[in-house]
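Chain residues, written in single-letter form:
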Amino acid sequence: MQKTILITGATDGIGLETAKMLASQGHNMLLHGRSPVKLENTVKEISPLGEGRIVESYVADLSNLTEVVKLADSVIAKHDRIDVLINNAGVFKTAETITASGLDVRFVVNVIAPYLLTRKLLPLLVSTGRVVNLSSAAQAPVDTEALSGRSRLDHMPAYAQSKLALTMWSRAIAQELGEAGPAIIAVNPGSLLASKMVKEGFGMAGNDLSIGAKILCRAALDDEFATASGKYFDNDSGRFAAPHQDGLNLQKSAEVVRAIEAVIAETTGNS
Ligand SMILES: NC(=O)c1ccc[n+]([C@@H]2O[C@H](COP(=O)([O-])OP(=O)(O)OC[C@H]3O[C@@H](n4cnc5c(N)ncnc54)[C@H](OP(=O)(O)O)[C@@H]3O)[C@@H](O)[C@H]2O)c1
């Protein structure tokens with residue numbers, strides 16, 4: 001059945017590969033990117049794929065939470081239902097690590113923006129829908145002071161903490177919503193896949209991007225993920241697995257969610 005799928009960071013790497021696969025299967029594609037030029041090129045690449053479906057584009061810099069709110073509002077203005085949200089956009093090494101409002105870019109793009117986008121789009125997501133969150137094998141205990149912009153971290157700790165924080169809120173929201181909500185699933189797409197993040201971050205070519213794209217397509221659409229809400233899928237081992245132990249700690253997860261919501265309230269007035 002044809003689905004309507006919003007994917008963030010569709011302009012490069014795993015996101016682009018996934019968007020191409022989903023478009024080829026005939027789904028309606030809502031493509032997000034931060035660069036208008038890259039997004040236009042992505043639309044040109046994806047439009048000829050598949051038949052009888054729509055391709056829309058949405059520009060937003062996810063390191064700016066006001067733009068995240070506008071992104072959600074633009075989607076809401078055009079759609080009263082989406083089936084799948086893939087929170088794929090992410091950042092590892094970047095020259096600019098602090099946002100204009102003093103927050104850590106890695107936490108904003110990888111954790112807080114997808115949380116805010118998901119919360120805003122929940123009314124559009126049917127109970128049979130999916131939210132697929134791009135986690136990682138790199139996971140480290142979350143320093144909520146750093147998440148809140150009150151202390152600074154180097155690239156790797158910030159990235160690994162951001163990926164565990166994303167995994168933690170995925171499970172927390174899944175439990176909060178229960179069967180009434182869409183399935184919220186955290187997925188490690190596979191380690192060291194050949195994206196620019198891996199080339200720039202680790203100076204290596206990396207493994208076939210389609211490894212990541214295929215698992216995201218399965219998580220978005222296949223029945224095996226329909227009852228996986230709150231779970232973590234590790235594509236390095238090819239199965240559902242336990243995340244870092246903090247990811248199973250409800251109290252720590254609630255603390256992370258509170259810290260995320262406090263940042264959102266302070267920055268955007270949304271609560
Ligand atoms: N590659 C791997 O081995 C691997 C392993 C585990 C997890 N992951 C996760 O997979 C996801 C995709 O990563 P990738 O490897 O495909 O990296 P990538 O090629 O660098 O793609 C990242 C995507 O996110 C977008 N993005 C980055 N910062 C943004 C911002 N401030 N606002 C809006 N969009 C932004 C990028 O936009 P531009 O095109 O404009 O740069 C790009 O479309 C990430 O969440 C990453 O953490 C990757």
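Please refer to the structure higher up on the page.
Everything in this summary refers to the structure shown in the same document. (Residues numbered from 1 in each chain as written. Predicted model: local features only at pLDDT ≥ 70, side-chain atom pairs only at ≥ 80, totals over all residues. Heavy atoms only, no water.)

## Some points on the site of the ligand
Convention followed: Only heavy atoms are used to decide nearness, and a residue is near a molecule or strand if one of them lies within 4 Å of it. Under the rule applied, a polar contact is a pair of N or O atoms within 3.5 Å (in protein, one hydrogen donor and one hydrogen acceptor; residues adjacent in sequence only if both atoms are side-chain atoms). In this description, accessible areas are obtained by the Shrake-Rupley approach with a 1.4 Å probe, and a residue is regarded as covered only by the protein chains that are shown. Where helices and strands are cited, they refer to DSSP runs of H or I of at least four residues and of E of at least two residues respectively, numbered from the N terminus. Under the grouping applied here, Gly and all other residues not named as nonpolar or charged are polar, the nonpolar ones being Ala, Val, Leu, Ile, Met, Phe, Trp, Tyr, Cys and Pro and the charged ones Asp, Glu, Lys and Arg.
Lining the immediate surroundings of the ligand are 31 residues, of which T11, Y159, L193, S195 and K196 lie closest. For the ligand, an oxygen atom lies 2.8 Å from a polar atom in the backbone of N88. Taking 890 Å² as the accessible area of the ligand by itself, protein coverage stands at 96%. When contributions to the shell around the ligand are tallied by element, the ones reaching two or more residues are helix 1 (13-24), helix 6 (155-177) and helix 7 (196-202). Top contributing element to the shell around the ligand by residue count: helix 7, with three residues. A breakdown of the residues in the shell around the ligand according to their chemical character gives twelve nonpolar, 13 polar and six charged.

## Some details on the sheet that holds strand 6 (residues 183-188)
Worth spelling out the cut-off: In this scheme, strands are said to pair when DSSP sees at least two bridges between them. What counts as an axis is a line fitted to C-alpha atoms, over the stretch in contact for a helix, and the angles between N-to-C directions run from 0 to 180 degrees. Contacts are assigned to residue pairs with any non-hydrogen atoms lying within 4.5 Å of each other.
The sheet built from eight strands is open, its strands ordered 3-2-1-4-5-6-7-8 with mixed pairing. Since the sheet does not close on itself, it has two edges, and those belong to strand 3 (55-59) and strand 8 (239-241), each with one partner. Geometrically, the sheet is characterised by an average inter-axis angle of 25° between neighbouring strands, direction not taken into account. Bridge count between strand 7 (residues 232-234) and strand 8: three bridges; the pairing is antiparallel. Counted as the bridge partner of D234 is R239 from strand 8. Set on the sheet, helix 6 makes contact with strand 4 (82-87), strand 5 (125-134), strand 6 and strand 7; between it and strand 6 the angle comes to about 160°.

## Some words on the packing of aromatic side chains
Any aromatic ring pair is given by two values, namely how distant the centres are and how the planes are angled relative to each other. The criterion, for reference: Between the rings of Phe, Tyr and Trp (Trp by its six-membered ring), a pair exists once the centres lie within 6.5 Å; its type follows the angle of the planes, with under 30 degrees stacked, over 60 edge-to-face, and the other angles tilted. Each residue gets one of three labels from its accessible area relative to the maximum for its type: buried under 20%, exposed over 50%, partly exposed in between, using a 1.4 Å probe on protein chains only.
Throughout the structure, instances matching the rule amount to six aromatic pairs. Between Y115 and W169, the ring centres sit 5.3 Å apart and the planes meet at 90°, which makes this aromatic pair edge-to-face. You can see Y115 sitting in helix 4 (residues 105-121) and its partner W169 sitting in helix 6, a full 54 residues away along the chain. The burial state of Y115 is the same as that of W169; both residues are buried. For the pair F225 and F240, a centre-to-centre distance of 5.1 Å together with 55° between the ring planes defines the contact as tilted. Of this pair, F225 sits in the loop between helix 8 (210-221) and strand 7 while F240 sits in strand 8, and the two are 15 residues apart along the sequence. A residue is classified by how much of its surface remains accessible, and F240, at 27% relative accessible area, is partly exposed.

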